[in-house]
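Overview (structure and organization)
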Amino acid sequence: MNFDLSKKKLTDINKYLQNIDRKSNVRKFKIENPSGHHAICAGLKDDIDVTINGHTGYYCAGMNQKASVTVHGNVGTGVAENMMSGNVFVKGNASQSAGATGHGGNLVIDGDASSRCGISMKGINIIVKGSVGHMSAFMAQKGNLIIFGDADEDLGDSIYEAKIFVKGKVKSLGADCVEKKMDDKSINELRKIFKDLNISENPKNFKRYGSARKLYNFKIDNAGAY
Amino acid sequence: MCGIVGIYLKTKKYEKSLGKFLSGMLDNMATRGPDSAGFAIYTKENKNNFKYSICLNNFSEQDFKKKISKYFKKIKIIKYSDHVIMETKDEPKEVIKVINEKIKEVSIVGYGKSINIFKQTGNPKDVVKKFKLSSFSGTHGIGHTRMATESAITTEGSHPYSTAEDECLVHNGSLSNHNNVRRDLIKKGQEFKSENDTEVAAGYISNKISEGNNLKNTLASSLKNLDGFYTFIAGTKDGFALLRDEVACKPAVVAETKDYVAVASEFQAMAHLPNVNSAKIFEPKPGVVYNW
């Protein structure tokens, strides 16, 4: 089924996609002329497949559950923010805070993601095939941020238990983020993510970063680092 | 919040459509700033004449003409709603003095050999219509839709701010050290018309340029001297430049084709531009000056 955002209201399209008739076999949808509209495909909760042809605005596919959303274009701030499950594929670049607070599912960005990618992520896998901007994985709690390119300043600042994998260069690490050994467990985890997403990359080419665990319980000895 | 937009034409192909493009960009940014709007449009430079963009406020065009004719003889005035563009050979120093001292009912919003500035309170969709922005042709233009935060909704509080010949600035964000910077600039002879933080940033840029710096270096120096959060688009006779502060709280997106460069707070501002879907689209990096 095709929708044209130049002819139909965004709220009507979103309402339709958020309330899929579960008995129906129609599971594939296309959205044309997104023209940078905000909140396209926000709040989907069924196992459907949506393709968006063009560039989107803020919060595209936010709060996604189960659905697979593919954007053939760039996305604005907060793509797949607070995603619970499902897959979001971005064929272009992503703006700030991609995958912010995401609890689960996979967000795959073919281009670059800018500042604060994966901020406060809580279990999502974010794969960025390009580079990420500054303060990425800020206060990230759980999940994996996998970067094929480079990372700008303060990667993983105040990170909790999320894992960061970077193939390229890291400009600088944020407070309490350190390089960790790329152990067998991490290699296997990464291999599984790549396999599930049909990505041909060798996990051994990545460096791993995570929390030094000195900041998230207050210790007087660390006062200088706050 | 506020919305900012800018478009610079790299070729002559779309010069006649510039006003139409900029008008659409401002229309689409009305959601980010419904309180007031303004724009600067750079048209072909007239080497012999200066153009003064003047807001009449509640003064009538006839009364203004009558008063100004006492001081300057060869003038041409074109009215656009409550603004006029006045063309004359007379130098800015004289004209500004006369208007500020003798015709206090009106206010100069900008001047130069190429720039035309219009700004007014009201929804951006209505503001662009009343100034007939779509009818303008030109080489580049910048615009602003304002959601007022630190000063009142007035014409003086609207952007763009022009503090020197053919220069102007639009700003999304707010500055925290503008009172200090304003005091320093006043000591150096810069004059301000409002309490607005952006006017201080515009004055800062004009002051640096008057000291011989180029626009790129001037903006780079503002990273050190202007504290706060901002995305700036600064226009000059030849082009414009873009800068985001190093934290990059305020958004910006750039679309570049072989014919134009467009900058806006959100992509939807430029969704109507020709071939934009095949443009090179990127988010400008924090703390980096981009200029065209």
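Up top is the structure these notes are about.
Cut-off values and rules
- Residues numbered from 1 in each chain as written.
- Chains lettered and ligands numbered in written order.
- Predicted model: local features only at pLDDT ≥ 70, side-chain atom pairs only at ≥ 80, totals over all residues.
- Heavy atoms only, no water.
- Core = buried A, V, L, I, M, F, W, Y, C linked by side-chain atoms within 4.5 Å.
- Buried < 20%, exposed > 50% of the residue type's maximum accessible area, 1.4 Å probe, protein only.
- Domains from an automatic or database assignment.
- Contact = heavy atoms within 4.5 Å.
- Pairing = 2+ DSSP bridges.
- Helix = DSSP H or I, 4+ residues; strand = E, 2+ residues; numbered from the N terminus.
- Axes fitted to C-alpha atoms, helices over the stretch in contact; angles between N-to-C directions.
- Salt bridge = Lys/Arg side-chain N within 4 Å of Asp/Glu carboxyl O.
- Patch = residues over 30% accessible without salt bridge, like charges linked within 9 Å, V, L, I, M, F, W, Y side chains within 5 Å.
- Areas by Shrake-Rupley, 256 points an atom, 1.4 Å probe, with all protein chains shown as cover.
- Buried area = accessible area lost by both parts, 1.4 Å probe.
- Polar contact = N/O pair within 3.5 Å; in protein donor to acceptor, adjacent residues only side chain to side chain.
- Nonpolar A, V, L, I, M, F, W, Y, C, P; charged D, E, K, R; others polar.

Our next topic: the nonpolar core. By size, the foremost hydrophobic cluster in this structure holds 48 residues, and its most contacted members are L17, I31, V50, V79 and L107 of chain A. Shared between two domains, this core takes at least three residues from each, and those domains are domain 1 (1-111) and domain 2 (130-226) of chain A. Ignoring any residue separated from it by four or fewer positions in sequence, one finds L107 of chain A in contact with V79, A80, M83, V88, V90, A98, G99, I124, N125, I126 and I127 of chain A. Core analysis: the second largest hydrophobic core is formed by 33 residues, M25, A37, F131 and V253 of chain B among them.

All names here are of chain B. Read from one edge of the open sheet, four strands run β9-β10-β11-β15, paired in antiparallel fashion. This sheet does not close on itself; its edge strands, each paired only once, are β9 (168-175) and β15 (290-291). Sheet analysis places strand β10 (residues 228-235) next to strand β11 (residues 240-244), joined by five bridges and oriented antiparallel. When the sheet's bridge partners are listed, G235 is paired in β11 with F240. The strands that helix α6 (residues 197-210) touches are β9 and β10; relative to β9, the one it contacts most, it runs at about 130 degrees.

A few words on the pattern of salt bridges. Residue and element names in this part refer to chain A. Per the stated rule, a full pass over the model turns up 25 salt bridges over all chains. Linking D110 and K129 is a salt bridge whose minimum nitrogen-to-oxygen distance equals 3.5 Å. Here the residue D110 occupies a position in the loop between β6 (106-109) and β7 (122-128), and K129 occupies one in the loop between β7 and β8 (142-147), the gap between them amounting to 19 residues. We classify D110 as partly exposed; its relative accessible area is 28%.

All names here are of chain A. A cluster of nonpolar side chains, namely M1, Y16 and V26, defines an oily patch on the protein surface of about 260 Å² accessible area. In this fold, Y16 is placed in helix α1 (residues 10-18). Residue Y16 is classed as partly exposed on the basis of its relative accessible area, which comes to 39%.

Attention now moves to the interface of chain A and chain B. Each side of the interface is counted separately: chain A has 14 residues, and chain B has 18 residues. Regarding the contact of chain A and chain B, the summed buried area is about 1,100 Å², with carbon and sulfur atoms giving 41% of it. It is H55, Y58 and Q96 of chain A in chain A that bury the most area against chain B; as a group they hold 35% of the surface buried on that side. Counting across the interface, chain A meets chain B through one salt bridge. A salt bridge links K285 of chain B to D152 of chain A, with the shortest nitrogen-to-oxygen separation between them at 3.1 Å. Linking chain A with chain B are eleven residue pairs in polar contact (both at pLDDT 80 or more). A breakdown of the residues in the side of chain A that touches chain B according to their chemical character gives one nonpolar, eleven polar and two charged.

Residue and element names in this part refer to chain A. With respect to the helices and strands, the residue S186 is situated in helix α2 (residues 184-196). For S186, a relative accessible area of 0% puts it in the buried group. Here the side chain of S186 touches R208 through a polar contact of 3.5 Å, side chain to side chain. In contact with S186, not counting residues within four places along its chain, are K163, F165 and R208.

Residue and element names in this part refer to chain B. With eight of its eleven residues buried, helix α1 (residues 18-28) lies for the most part within the structure. Along α1, the residues that are buried comprise L18, G19, F21, L22, S23, G24, M25 and L26. Summarising the contacts, the buried residues of α1 are in contact with β1 (3-9), β2 (36-42), α4 (124-130), β8 (140-146) and β13 (260-264).

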